[in-house]
Amino acid sequence: MTHVITYGIDALSQGGLDGLAALGIALIFGVMRLINFAQTAFITLGGYMILLLGSSSWPVVVAITVIVIALLAVATERVAFRPIREANMATLLVTSFAVSSFLQNVLIMIAGAQTQGVAFGASLLRSFSIGGAQVNKLAVVTIGVSLGLLGLVAAFLRNTRTGVELRAATENFRMARMLGVRANRVIAVAFAISGGLAAAVSFLVTAQSGSLTPTSGLQPAIVGFVATVIGGMGSLVGAVAGGFALGVATVIFQVALPSGAAPYNQAFVFAIVFLLLVVRPQGLMGAGLIEERA
Amino acid sequence: MTSAQDADARWLSWLRAVWVPLALVVILGAMAVVSGFLSPELQYVAETGFVYLVVVVGLYTFIGLSGVVSFGHITFMGIGAYASALVSIPVITKQVLLPALPHWLEHTQMSLVPSVLVGGVVALVFALIISFPIMRISGIAASITLFAVLIVGNVVGSNWVQVTRATQTMLGVPTDVGMGVAFGAAALAVCAAYGLEVSRVGLRLKATREDEFAARSVGISVARSRAWGFALSALIVGMGGALYGHLVGAFSASDFYLDTTFLTIVMLVVGGMRSLTGAVVGTIVITVLQQLLTYVEGGLNLGLFNIPALPGLSEAGLALVLLLILLFRPNGITSGLEVGFPVRRRRQPDTGADVEVGEHERDAHVVQDLAHDPSK
C-alpha cells in the first residue's frame, strides 16, 4: 500500500510535468499549425538562466527566467515564424527545427557542451512520509505547480477576452480573423504563454536532475510533441491528457520493467504510442483530419 | 519531315527522358575528378559528401515526393550501418568485439556489395514494419511520430550491448569505400531515385503531395503510396548508412542521431526538397560550407586576427543558412526545379504550345540560377 502511494505520487508528478510540456506545444500548434521544435531550446535556455542567476533568491530566478524565456519565444515568432506564417506545415516544421538547432548551438558556443551542475531547489530533494509511505517533496511540488499552471491557463482561456480569441483561433483561424481577432496579437500571446510554460518545465526538470546540458530540453519537449499526436492534434485538452498519460506510463514502466530492461523504458512507452496509433490514427480526442490552415 | 530530322527528334526525346539523372551524374563526375587533385583530407571530405548524397537522395524519395517531413530516416541509416557492419567485420574481430552474437551471424563474412545490400534490406524490412501505423496518420503527426522513432532507435542503439556494443564504438568495419565506390553509389542512387520518381509509385506519391484530397478522389490510396515511398527510401538510406560504415570504419549510435538528422535535412531543404537536382545541389553546397565552417570552428590564425576555437559554430552556421534560405528562398536554391534541358522543344502546331513555353521559361530560370552561383 505504501508503495502504491509513493509510485502514485511519482506518476502524478511525471504526468503533470509532461502535461505542462504538452500544453506549451499544443497552444502554438493550435493557432499556427506549427510543431514548435524551438520549445526544446526554450526549455534548455530556461535551465541555463537558472545557472546564470545562480546566487539570487528563487522568486527572483523564477520571475526573471519566465520573463526572459517568454520574450525570447515572442521574439522568435517575430523574426523566424511570422514571415513564413502562410507557408505549408512542412516548411514551418523545418524552420522550427532550424531555430532550435541555432539556439542550441549558440548556447554551446557561449556556455560549452559539458554537463554543468545546478543546485536549484535542492531543499526539495528530501522526502517525507505520508501514512508510512516515503514521498518525494519535489514530486508534490511538481504536482502543485502543474495543476496550478494548468488551472491558470484554463482560466485565462475561458474567462478573458484574449483567451477566448485564442481558442477561437485554434478552432478556425480564418473565421476568427474575419470576426475581428487580430492574428499577430493572438499568436504573440500563444508564444508568450508557451515560453512561460517552457520556463516552468525547465524549473521542474532542472530541480529534478540537478544538472544541465545543451540538450536537457529535448526529453520534455519530445514528450510534449508525442503527447499532441496521441491527444489528437489541435485539441488542447487532448494534448494535456496525452502528456499526462505518457508521464504515468513512463512511471509504470519504471516500476514494472525488470532492471535489465530499464534503459529501454522510453522505447516501451513509444511502442505503446505506436500501438495506440494503429487503433486510433486520429488520436485520443482528434476530430479527424487536420487540414492545413488556409 | 525527313528521316534524318526524325532520327534527330527521336534522339532528342530520348535524351530529354534521361536528361535529369544524366546531367546530375555528369556534375557529380566532374566533382569527383576535381577532388582528385585535392589533398587527401579534402578527398575524404568529397567521399563523405558522396555517401551523404546517397542518404539525402534517399530522404528525397520520401520527403520530396510525399511532402511529409521525416525526422526518423537517420534511424534507417544507423540500421543499415550496423547491419552491414555485422555481416562484414572479419570473423576473428567479431569474436572479440561481439562475443554474444548468434553463431551463424558470428561466422558470416561478406564483401562490400552484398553487405551494403544487406544493410539496405534490413532497413527496408524495418520500415515496412513501422510504416503501417505511421502512414495512416496525418503528415504532420507522422513527422513527430518518426521523430519518436529516431529517439527509440537511439535508445536501442546505445544500450544493446550484444549487437551494437552500446555506447562503445563499433570497430573493424573494412574501410573499402574509396572515391570510385562513393561516386558510383551516389550516381546509382540518383538514377534509382529518378526512376522511382517517374514510376507509377512516384507519380502517385507526388499527386498526394500536391493535393491529398484530389489524389484520393481519383482512387489513389494516400497511406499505401506513402508506405511504398517510405520503404523504398528506407532501402536507399539504409544502403547509404552501410556505405557510411564502410567509409569511416568505426562509428557509434550517436552518429545516427540529431546532428546527422539535422545535417541531411539542411542539405535537402537548402537545395530545394521538391527536386532531385535540389538534393544534389544542396548536398554539394552544404558539404563545402560545412568544411569551411569546420575550419573556422577549430580556430583560425589569419595573421592579424586570431579566431579562437568555437565549438558549436559549424552547426549554428548551418542552422542560420537554413533559416535564411527558408525565409528568403523557401523552395531552396533550385526552387524545386530540375536541371534544365538545353535544347528547346520543337513547337507543335496544335496542342499544348502555351504549356511548353511555360516549361521553357522555368528551365531557363533554373539554368540562369545555376549560372549565377559558381559553387553549384
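Residues numbered from 1 in each chain as written. Chains lettered and ligands numbered in written order. Predicted model: local features only at pLDDT ≥ 70, side-chain atom pairs only at ≥ 80, totals over all residues. Heavy atoms only, no water.

J.: What should I look at first to understand the overall build of chain B in this one?
T.: Helices and strands together make up the secondary structure of chain B, namely 16 helices and two strands. In chain B, buried positions account for 52% of the 376 residues. Sequence-distant contacts in chain B: of pairs separated by 6 or more residues, those separated by 24 or more amount to 76%. Of the roughly 16,400 Å² that chain B leaves accessible, carbon and sulfur atoms contribute 66%. (Helix = DSSP H or I, 4+ residues; strand = E, 2+ residues; numbered from the N terminus. Buried < 20%, exposed > 50% of the residue type's maximum accessible area, 1.4 Å probe, protein only. Contact = heavy atoms within 4.5 Å. Areas by Shrake-Rupley, 256 points an atom, 1.4 Å probe, with all protein chains shown as cover.)

J.: Would you mind going over the interface of chain A and chain B with me for this structure?
T.: By a widely used convention, the size of an interface equals the accessible area lost when the partners come together. Counting from both sides, the interface comprises 39 residues of chain A and, opposite them, 42 residues of chain B. Of all residues in chain A, A:Phe97, A:Met109 and A:Phe274 give up the largest surface area on contact with chain B, accounting jointly for 16% of the area buried on that side. Connecting chain A to chain B are zero salt bridges. Run the count over chain A and chain B and you get two residue pairs in polar contact (both at pLDDT 80 or more). Listed by contribution, the elements that provide at least two residues to the side of chain A that touches chain B are helix H3 (58-81), helix H4 (89-111), helix H9 (218-231) and helix H11 (265-279) of chain A. When residues of the side of chain A that touches chain B are assigned to their parent elements, the largest contribution, 15 residues, is made by H4(A). When grouped by side-chain class, the residues that make up the side of chain A that touches chain B number 34 nonpolar, five polar and no charged. (Buried area = accessible area lost by both parts, 1.4 Å probe. Salt bridge = Lys/Arg side-chain N within 4 Å of Asp/Glu carboxyl O. Polar contact = N/O pair within 3.5 Å; in protein donor to acceptor, adjacent residues only side chain to side chain. Nonpolar A, V, L, I, M, F, W, Y, C, P; charged D, E, K, R; others polar.)

J.: Can you help me understand the pattern of salt bridges in this one?
T.: Two side chains that carry opposite charge are able to pair once their charged atoms sit near each other. According to the stated counting rule, one finds ten salt bridges over all chains in the structure shown. Residue A:Arg161 is joined to A:Glu165 by a salt bridge in which the shortest nitrogen-to-oxygen separation is 3.3 Å. Pair noted here: A:Arg161 and A:Glu165 are both in helix H6 (residues 161-171), with a separation of four residues, about one helical turn. Look at A:Glu165 and you get buried, because its relative accessible area is 11%. Across the salt bridge formed by B:Asp6 and B:Arg10, the nearest N and O atoms sit 3.8 Å from each other. In this pair, B:Asp6 and B:Arg10 are both assigned in helix H1 (residues 3-35), four residues apart and thus about one turn of the helix distant. Under the relative-accessibility criterion, B:Asp6 is labelled partly exposed at 35%.

J.: Would you explain the pairing of strand S3 (residues 133-136) of chain A in this entry?
T.: All names here are of chain A. Only one face of S3 is buried, namely the one carrying Ala-133 and Val-135, since none of Gln-134 and Asn-136 on the opposite face is buried. Bridging between strand S2 (residues 127-130) and S3 involves four bridges; their strand directions are antiparallel. Counterpart to Ile-130 in the pairing with S3 is Ala-133. Remark: two residues form the turn of the hairpin made by S2 and S3, two consecutive strands paired antiparallel; Gly-131 in that turn has positive phi of roughly 55°. (Pairing = 2+ DSSP bridges.)

J.: I would appreciate a short explanation of the environment of A:Val237 in the present structure.
T.: All names here are of chain A. Looking at the secondary structure, you find Val-237 in helix H10 (residues 236-256). The class for Val-237 is exposed, based on a relative accessible area of 57%. In sequence terms Val-237 and Ala-26 are 211 residues apart; their C-alpha atoms lie 9.1 Å from each other.

J.: Before we go on, may I ask you to explain the environment of A:Leu93 in this structure?
T.: Tracing the chain through its elements places A:Leu93 in helix H4. When residues no more than four places from it in sequence are discounted, the contact partners of A:Leu93 are A:Leu34, A:Ile35, A:Phe37, B:Val69, B:Phe71, B:Ile140 and B:Ser143.

J.: Which parts of the structure should I look at to understand H9(A)?
T.: An α-helical turn contains 3.6 residues, so any two residues separated by three or four positions project in the same direction. Residue and element names in this part refer to chain A. Look at H9: 20 Å from first C-alpha to last across 14 residues, which is about the 20 Å you get at 1.5 Å a residue. With respect to burial, H9 is a largely interior element, 13 of its 14 residues being buried. Immediately downstream of H9, the backbone of Gly-232 shows phi near 100°, a positive value. (Expected span 1.5 Å × (residues − 1).)

J.: For this particular structure, what's the right way to read a nonpolar patch on the surface?
T.: A surface patch of nonpolar side chains, about 190 Å² in accessible area, is lined by A:Val60, A:Ile64 and A:Val68. Following the sequence through the fold, A:Val60 ends up in helix H3. (Patch = residues over 30% accessible without salt bridge, like charges linked within 9 Å, V, L, I, M, F, W, Y side chains within 5 Å.)

J.: For this particular structure, what's the right way to read the confidence of the model for chain A?
T.: Summarising the model, chain A shows a mean pLDDT of 88, and 97% of its residues fall at 70 or more. Across residues 288-294 of chain A, confidence stays below pLDDT 50; counting only partners more than four residues off in sequence or on other chains, it has 17 contacts. (pLDDT = per-residue confidence, 0-100.)

J.: How do you make sense of the packing of helix H10 (residues 200-210) of chain B against helix H12 (residues 222-248) of chain B when you look at a structure like this?
T.: Geometry of a packed helix pair, given as the angle between the helix axes and the separation of the axes. Residues and elements named next belong to chain B. Viewed as axis vectors pointing N to C, H10 and H12 meet at an angle of 125°, and their least axial separation amounts to 9 Å. Judged by the angle between their axes, H10 and H12 are oblique. Once H10 is placed against H12, the crossing between them reads as left-handed. Contact residues: H10 offers Val-201, Arg-204, Leu-205 and Thr-208, while H12 offers Val-222, Ser-225, Arg-226, Trp-228 and Gly-229. (Axes fitted to C-alpha atoms, helices over the stretch in contact; angles between N-to-C directions. Parallel < 35°, antiparallel > 145°, perpendicular 65-115°, else oblique. Left-handed = near helix turned anticlockwise from the far one by under 90°.)

J.: Hey, could you run me through empty space enclosed by the protein in this one?
T.: It is the rolling of a water-molecule-sized probe over the atoms that shows where space remains empty. Residues and elements named next belong to chain A. On inspection of all chains with the given rule, the structure shows two cavities of 30 Å³ or more. The calculated volume of the second largest cavity comes to roughly 40 Å³. Taken together, Ile-43, Thr-44, Gly-47, Ser-202, Val-205, Thr-206, Leu-212, Ser-216 and Gly-217 make up the lining of the second largest cavity. Sorting the residues of the lining of the second largest cavity by element identifies helix H2 (38-52) and helix H8 (183-209) as the ones contributing at least two each. In terms of residue class, the lining of the second largest cavity is built from three nonpolar, six polar and no charged. (1 Å grid on protein atoms, 1.4 Å probe; cavity = no way out; pocket = protein on both sides within 12 Å on 5 of 7 lines; lining within 4 Å. Points joined across faces, edges and corners; volume = space filled by probe spheres on them.)

J.: Explain unusual backbone geometry to me, please; I cannot follow it from the model alone.
T.: Most peptide bonds take the trans form, and the phi angle of most residues other than glycine is negative. Residues and elements named next belong to chain B. One non-glycine residue with positive phi stands out, namely Arg-165, at about 60°. Taking relative accessible area as the criterion, Arg-165 reaches 11% and is therefore assigned buried. Positive phi, normally seen in glycine, also occurs at Ser-335, with a value near 55°.

J.: How should the packing of aromatic side chains be read in this particular structure?
T.: Counted under the stated rule, the structure contains 22 aromatic pairs over all chains. Relative to B:Phe183, the ring of B:Phe50 lies with its centre 5.9 Å away and its plane at 75°, an arrangement referred to as edge-to-face. Of the two residues, B:Phe50 is situated in helix H2 (residues 40-66) and B:Phe183 in helix H9 (residues 179-198); the sequence distance between them amounts to 133 residues. These aromatic residues form a ring-pair network of at least three members: A:Phe37, A:Phe97, A:Phe225, B:Phe71, B:Phe147 and B:Phe262. (Phe/Tyr/Trp six-rings, centres within 6.5 Å; stacked < 30°, edge-to-face > 60°.)

J.: Looking at this structure, I do not really get the side chain of B:Glu338. What am I missing?
T.: Residue and element names in this part refer to chain B. Note on placement: Glu-338 falls in the loop between helix H15 (313-328) and helix H16 (353-372). Among buried charged residues, Glu-338 stands out as having no salt bridge; its nearest opposite-charge side chain is Lys-206, 6.1 Å away. Engagement of the side chain of Glu-338 in a polar contact is seen with the backbone nitrogen of Leu-276, the distance being 3.0 Å. (Lys, Arg positive; Asp, Glu negative; His and termini not counted.)

J.: What is the right way to look at the nonpolar core in this model?
T.: One recurring pattern in soluble globular proteins: nonpolar side chains tend to sit buried together. Ranked by internal contacts, the top residues of the largest apolar core, which has 200 residues, are A:Ile35, A:Phe37, A:Phe225, B:Phe147, B:Phe251 and B:Leu322. Here this core takes 15 residues from H8(A), the largest share from any one element. With residues up to four places along the chain from it excluded, the contact list for B:Phe147 reads A:Phe37, A:Phe97, A:Leu218, A:Ile222, A:Phe225, B:Phe71 and B:Leu258. (Core = buried A, V, L, I, M, F, W, Y, C linked by side-chain atoms within 4.5 Å.)

J.: Whenever I open this one, H9(B) confuses me. Can you help?
T.: With 20 residues, H9(B) should cover 28 Å at 1.5 Å per step; its first-to-last C-alpha distance of 29 Å lies within 8% of that length. Those residues of H9(B) that fall on the buried side of the exposure criterion are B:Met179, B:Ala182, B:Ala185, B:Ala186, B:Ala187, B:Ala189, B:Val190, B:Ala193, B:Tyr194, B:Leu196 and B:Glu197.

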